[in-house]
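In case you want the letters, here they are:
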Amino acid sequence: MVTENMTSAFVEPNNAPAQPELLVSAVLHLMSHYTANNSQETQSCVKLASVIERHLKALAELPNLAPVLRATCQQLSEQWAHVVERTMPPPEKFNFFSRMVAGARSA
């Protein structure tokens, strides 16, 4: 999803690197909210799933994290990316008549 280096987004205000424990804690908290809110509004769930995916990706890119935890975060990040893709609303398709009416309104 996001191609930029995510670790820079998780730096404390004094430029000290974020503590991995805080990121793990945050992502677990977000995941619990996702499950609790999954039956509610779809749009907020997509946003929450996207944030979870980004947190996991940031954790996977931390060089001081244990290799097994980095690999797990990488795998989970990819799985959450698929959740985001699946839950995104499909693009709206317009038929010829709809395009004509929309074009007439904007003119």
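Residues numbered from 1 in each chain as written. Predicted model: local features only at pLDDT ≥ 70, side-chain atom pairs only at ≥ 80, totals over all residues. Heavy atoms only, no water.

(A) Representation of helix α3 (residues 67-87) in the model. Along its 21 residues, α3 runs 30 Å from first to last C-alpha, staying within 8% of the 30 Å computed at 1.5 Å per residue. Along α3, the residues that are buried comprise C73, S77, W80, A81, V83 and V84. One side of α3 holds all its buried residues, which, seen down the axis, span an arc of 155°. Residues P67, V68, Q75, E85 and R86 are exposed on α3 and point more than 90 degrees away from its buried face. (Helix = DSSP H or I, 4+ residues; strand = E, 2+ residues; numbered from the N terminus. Expected span 1.5 Å × (residues − 1). Buried < 20%, exposed > 50% of the residue type's maximum accessible area, 1.4 Å probe, protein only. Arc of directions from axis to C-beta.)

(B) How the structure looks around the environment of R86. Tracing the backbone shows R86 in helix α3. The exposure class assigned to R86 is exposed, which follows from its relative accessible area of 64%. Separated by 40 residues in the primary sequence, R86 and V46 have C-alpha atoms spaced 9.1 Å apart.

(C) Representation of the pattern of salt bridges. Throughout the structure, instances matching the rule amount to one salt bridge. The salt bridge involving K57 is made with E61; its shortest N-O contact spans 3.9 Å. Classification of E61 by relative accessible area gives partly exposed; the value is 28%. (Salt bridge = Lys/Arg side-chain N within 4 Å of Asp/Glu carboxyl O.)

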